[in-house]
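# Observations on chain architecture
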Amino acid sequence: MPRRRGNAQQPQHRAHLPASICQLLRIPLPSPPIVDESAAISYSPGLMSAPAPVRVRFAPSPTGYLHVGGARTALFNWLYARRTGGTFVLRIEDTDNARNSQAAVDVILSGLRWLGLDWDEGPLTGDADGPVKGAFGPYFQSRRGEIYRRRAEELKAKGMAYEKDGALFFRMTRDPVTIPDQVVGDVVRPLTDREAVDPDWVLIRSDGVPVFHFVNVVDDLEMGITHVIRGEDHLSNTAKHIALFRAFGAEPPKYAHIPLILNLDGSKMSKRDQGASVQSYVDEGYLPEAVINYLSLLGWSSKAATNELFTRDEIAPLFELADINRSNARFDLKKLEHFHFEHARRLSPERFVSIGVEALKKVGIETAGFDPAYVRAALLTAQEKGKLFKELPIWTDFYFVNDDAVVYDAEAKTKALTPASVSALEQLASRFQSLPEYTAAALEAALKGLATELGVKVGVLIAPCRVGCTGRTVGPSLYHLLEVLGRDRVARRLARARTVAAS
RNA sequence: GACCCUAUCGUCCAGCGGUUAGGACACCGCCCUUUCACGGCGGGGACCCGGGUUCGAAUCCCGGUAGGGUCGCCA
């Protein structure tokens, strides 16, 4: 008997309302005092046989940073929406007013934008009262108070909620709740011993602020969310959510709880941990496509694909909830770096150069004063060298300094720029100077020819030449970098190197 | 403490009753290149433990152990 992969069976619990009604309405029938507001809710019997269009959401709380786990949750939701032609909603869970700020929301929006995870509905800016797209707003929970109050009244009217100590309590079911999960299958969640003492829980605090479980369910309900794809840390709580949906007479959405992302040592990843914040990838010079690629493979793998290198648009059509893993994954920076390298080498020259120029600018290397063709050629000699854009300067900085300002690495200098190399430097300079064509091939032939004539190993010539022109013992292919540097620059650098070597 | 989820190389995944247990990253060696890389070839490295079921278990069941999660007038 194969293991259950969840979606094989239907939820067992469509209680309270005849299935046909639930099916037909999709969204629960508003009970008495309920408003209409359903700009986008359509009761179209003619469409009832068609599967409901998928509506998923990412609902982050503005904590000041975008966690990789959150980013992956957003990614999975995005992928599922794209794969099904559904709608990806962004909703800001800022109920806890005290610690929310527009800046904290901006961090989330810019992080998602950097990753390329565009949302179909939601805020356009971090301003809770700012512009939005979509007909199910407001998309900031802090602006949905009226809706929560109305839903609270509904529950009270139904006898499902009662006031005590100034707070509003929900009459939680005492029975075990079955959570049909698309990833782990049916999960039966009985009350824990502590819950059994008093199963009811708070919907609205005595200060009037509604709690997470309540607003989360109300919003999913009001926004017509069909699939809830979220972290496994919410699995147990889903019993509360399902109970609430039922109290509203509504069919809960389908659930898919995805495993968590842990540190390499298996501990929980928190704000300070390496790689926890999406912003750190921006700062380190990672390509967003690399981060997307890596994250997509953490907890998911395609049965259809034969390789691991994808762009998000390539993943989307392959993305099935049934292919999501059940066990937590550990975050391995090394593998992310590998994906970055693979994506970086596939970058178009134009894009590689423009990102490279920015990376250099970040550390104070200005390329604007150089011929664009030179800048381009220079950077492209390093496209398959370093792993991160952060490292680009150590491969290419020498291209952008004056010929008399090349900085010689101390060790390289004592090794390669010695009196013994003076003659080599002079003869090389002379050979290069007389070359009719200043190309990598010609330069290589000239250098190797000279080595043969002199009866020395090419390394004897290469080392002083490289150090003289770049200041380092490692770098891009020597002949190519010489070609890019060009006749004049090389001549000046070799001359200076000769002088330095002689002293 | 109670409840829930999970368990294959160091890491991420494949495997869904019969495989020499496969791939990727990382690691080691060799080749290429007299730079560093890339690339090529090769290597070491895993089914958490114990019981069942079965002719046969990494795969199914039970128990244990371990890791993670939840049990808030946090989200």
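Residues numbered from 1 in each chain as written. Chains lettered and ligands numbered in written order. Predicted model: local features only at pLDDT ≥ 70, side-chain atom pairs only at ≥ 80, totals over all residues. Heavy atoms only, no water.

### Observations concerning the overall build of chain A
Within chain A, the secondary structure is distributed over 20 helices and 13 strands. Going through the 503 residues of chain A one by one, you find that 49% of them count as buried. Sequence-distant contacts in chain A: of pairs separated by 6 or more residues, those separated by 24 or more amount to 75%. Split by element, the accessible area of chain A, about 23,100 Å² in all, is 53% carbon and sulfur. (Helix = DSSP H or I, 4+ residues; strand = E, 2+ residues; numbered from the N terminus. Buried < 20%, exposed > 50% of the residue type's maximum accessible area, 1.4 Å probe, protein only. Contact = heavy atoms within 4.5 Å. Areas by Shrake-Rupley, 256 points an atom, 1.4 Å probe, with all protein chains shown as cover.)

### Re the packing of aromatic side chains
Tallying each qualifying case throughout the model produces 16 aromatic pairs. For the pair Tyr281 and Tyr286, a centre-to-centre distance of 5.5 Å together with 75° between the ring planes defines the contact as edge-to-face. A relative accessible area of 2% places Tyr281 in the buried class. Ring geometry for Phe370 versus Phe400: centroids 5.2 Å apart, planes at 75°, classification edge-to-face. Taken as a pair, Phe370 in the loop between helix H12 (349–362) and helix H13 (372–380) and Phe400 in the loop between helix H14 (392–396) and helix H15 (410–416) lie far apart in primary sequence, 30 residues in all. One aromatic cluster is present, built from ring pairs that chain together Tyr281, Tyr286, Tyr294, Phe331 and Phe339. Directly above the aromatic system of Phe169 lies the positively charged group of Lys164, at a separation of 4.9 Å from the ring centroid. Cation over ring: Arg489 sits above Tyr374, and NZ or CZ is 4.1 Å from the ring centre. (Phe/Tyr/Trp six-rings, centres within 6.5 Å; stacked < 30°, edge-to-face > 60°. Lys NZ or Arg CZ within 6 Å of the ring centre and 35° of its normal.)

### A few points about the sheet that holds strand E5 (residues 161–164)
Consider a sheet: its strands pair through backbone hydrogen bonds, and that pairing is either parallel or antiparallel. The strand order across the open sheet formed by three strands is E5-E6-E9, and the pairing between neighbours is antiparallel. The open sheet has two free edges, formed respectively by E5 and strand E9 (201–204), since each of these has just one partner strand. Here the average twist between neighbouring strands, direction ignored, is 45°. Pairing analysis gives three bridges linking strand E6 (residues 167–170) to E9, with the strands arranged antiparallel. (Pairing = 2+ DSSP bridges. Axes fitted to C-alpha atoms, helices over the stretch in contact; angles between N-to-C directions.)

### Overview of helix H2 (residues 68–84)
In this model, H2 (17 residues) spans 24 Å end to end at C-alpha, consistent with the 24 Å of a helix rising 1.5 Å per residue. For H2, a buried count of 14 out of 17 residues is recorded, marking the element as mostly surrounded by other parts of the structure. Backbone geometry just after H2 places Gly85 at a positive phi near 70°. (Expected span 1.5 Å × (residues − 1).)

### Overview of the confidence of the model for chain A
When pLDDT is averaged along chain A, the result is 87, and 89% of the positions lie at 70 or above. Note that pLDDT drops below 50 for residues 1–47; the model gives that stretch 56 contacts with residues more than four away or on any other chain. (pLDDT = per-residue confidence, 0-100.)

### Remarks on the environment of Glu195
Examined against the element boundaries, Glu195 turns out to sit in helix H5 (residues 193–197). It is 9.8 Å that separates the C-alpha atoms of Glu195 and Met172, two residues lying 23 residues apart in sequence. Residue contacts for Glu195: discarding those within four places in its chain leaves Arg189, Pro190 and Lys240.

### Section: the side chain of Asp219
Relative to the helices and strands, Asp219 is located in helix H6 (residues 212–222). Within the local environment of Asp219, its side chain forms a polar contact with the side chain of Arg144, the two groups lying 2.6 Å apart. Among the polar contacts listed, one links the side chain of Asp219 to the side chain of Tyr148, at a separation of 2.8 Å. Residues contacting Asp219, with those up to four places away along its chain left out, are Arg91, Gln141, Arg144 and Tyr148. (Polar contact = N/O pair within 3.5 Å; in protein donor to acceptor, adjacent residues only side chain to side chain.)

### So, H12
Side chains three or four residues apart in an α-helix point the same way, a direct result of the helix having 3.6 residues per turn. The end-to-end C-alpha distance of H12 is 20 Å, a good match for the 20 Å that 14 residues give at a rise of 1.5 Å each. Within H12, the full set of buried residues consists of Phe352, Val353, Gly356, Val357, Ala359 and Leu360. All buried residues of H12 fall inside an arc of 165° around its axis, so they share one side. Looking at the packing, one finds that the buried side of H12 touches helix H11 (333–345), H13 and H14. (Arc of directions from axis to C-beta.)

### Side note on the state of the cysteines
Using the criterion set out here, one finds zero disulfides in the structure. Its sulfur unpaired, Cys465 is 4.6 Å from the next cysteine sulfur, which belongs to Cys469. Overall, the relative accessible area of 0% leaves Cys465 in the buried class. Residue classification places Cys469 among the buried positions, given a relative accessible area of 0%. (Disulfide = S-S within 2.5 Å.)

### A look at the environment of Asp409
Checked against the element boundaries, Asp409 lands in the loop between H14 and H15. Separated by 61 residues in the primary sequence, Asp409 and Thr470 place their C-alpha atoms 9.2 Å from one another.

### Focus: a nonpolar patch on the surface
A cluster of nonpolar residues, Leu454, Val456 and Val460, forms a patch on the protein surface that exposes about 210 Å² of accessible area. If you trace the backbone, Val456 turns up in the loop between helix H17 (440–454) and helix H18 (458–470). What makes Val456 partly exposed here is its relative accessible area of 31%. (Patch = residues over 30% accessible without salt bridge, like charges linked within 9 Å, V, L, I, M, F, W, Y side chains within 5 Å. Salt bridge = Lys/Arg side-chain N within 4 Å of Asp/Glu carboxyl O.)

### Structural notes on unusual backbone geometry
The linkage connecting Gly137 with the following residue, Pro138, adopts the cis geometry, with an omega of 0°. A positive phi angle, close to 55°, is found at Asp165, a residue other than glycine. The residue Asp165 is located in the loop between E5 and E6 in this model. Classification of Asp165 as exposed rests on a relative accessible area of 68%.

### Observations regarding the packing of H17 against helix H19 (residues 478–485)
Taken N-terminus to C-terminus, the directions of H17 and H19 make an angle of 120°; their axes are 8 Å apart at the nearest point. As the angle between them shows, H17 and H19 are arranged oblique. Seen along the crossing, H17 lies across H19 with a hand that is right-handed. For the pair formed by H17 and H19, the contact residues are Ala440, Leu443, Glu444, Leu447 and Lys448 on the first element and Leu478, Tyr479, His480, Leu482 and Glu483 on the second. Looking at the contact of H17 with H19, its residues break down into six nonpolar, one polar and three charged. (Parallel < 35°, antiparallel > 145°, perpendicular 65-115°, else oblique. Left-handed = near helix turned anticlockwise from the far one by under 90°. Nonpolar A, V, L, I, M, F, W, Y, C, P; charged D, E, K, R; others polar.)

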